[in-house]
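Fold and geometry: a report
Letter by letter, the chains look like this.
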Amino acid sequence: MAAPKKYPDELRARAVRLYRESDPKPVIKRLAEQLGVHPEALRNWIRQDQADRGEREDQPTTEMAEENRRLRREVAELRRANEILKAASAYFASELDPTRRRS
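Residues numbered from 1 in each chain as written. Predicted model: local features only at pLDDT ≥ 70, side-chain atom pairs only at ≥ 80, totals over all residues. Heavy atoms only, no water.

1. Quick word on unusual backbone geometry
The omega angle of the peptide bond from Asp23 to Pro24 is 5°, so this bond is cis rather than trans. Assignment of secondary structure puts Pro24 in the loop between helix 1 (9-21) and helix 2 (28-35). (Helix = DSSP H or I, 4+ residues; strand = E, 2+ residues; numbered from the N terminus.)

The structure is reproduced here in structure tokens:
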């Protein structure tokens with residue numbers, strides 16, 4: 001389960017909007033202080049917004065990150081199921097082994 005968010009989504013959206021609409025661009029550290037958020041948090045929000053808008057290629061979009069998380073969960077579930085099936089197969093194969101002695 002994911003940890004609870006420290007900052008509400010409304011604050012994140014407002015902070016990114018303030019940064020995008022400002023001309024000239026404000027210093028992130030000063031804007032973060034004015035909004036009462038950590039500068040690295042604000043910098044990460046801005047980078048993520050830029051990736052979502054196609055302005056950055058160095059990090060995945062929010063949609064891609066969510067899809068990756070979903071696929072990782074699915075792969076883990078399938079691996080667990082595969083291990084169960086392997087164990088069951090080995091068990092039933094040993095039960096059907098004709099060379100096995102019965103007492």
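2. Some words on the packing of helix 1 against helix 3 (residues 39-52)
As a packed pair, helix 1 and helix 3 sit with axes 10 Å apart at the nearest point and diverge in direction by 75°. On the basis of the axis angle, helix 1 is roughly perpendicular to helix 3. When helix 1 is examined against helix 3, the residues Arg12, Ala15, Val16, Tyr19 and Arg20 are found in contact with a partner set consisting of Leu42, Trp45, Ile46, Asp49 and Gln50. (Axes fitted to C-alpha atoms, helices over the stretch in contact; angles between N-to-C directions. Parallel < 35°, antiparallel > 145°, perpendicular 65-115°, else oblique. Contact = heavy atoms within 4.5 Å.)

3. Some words on the nonpolar core
With 14 residues, the main nonpolar core has Tyr7, Val37, Leu42 and Trp45 as its most contacted residues. For this core, the elements supplying multiple residues, two or more each, are helix 1, helix 2 and helix 3. Filtering out sequence-adjacent residues up to four positions away, Tyr7 remains in contact with Arg12, Gly36, Val37, His38, Ala41 and Trp45. (Core = buried A, V, L, I, M, F, W, Y, C linked by side-chain atoms within 4.5 Å. Buried < 20%, exposed > 50% of the residue type's maximum accessible area, 1.4 Å probe, protein only.)

Coordinates in, geometry out; function isn't part of it.
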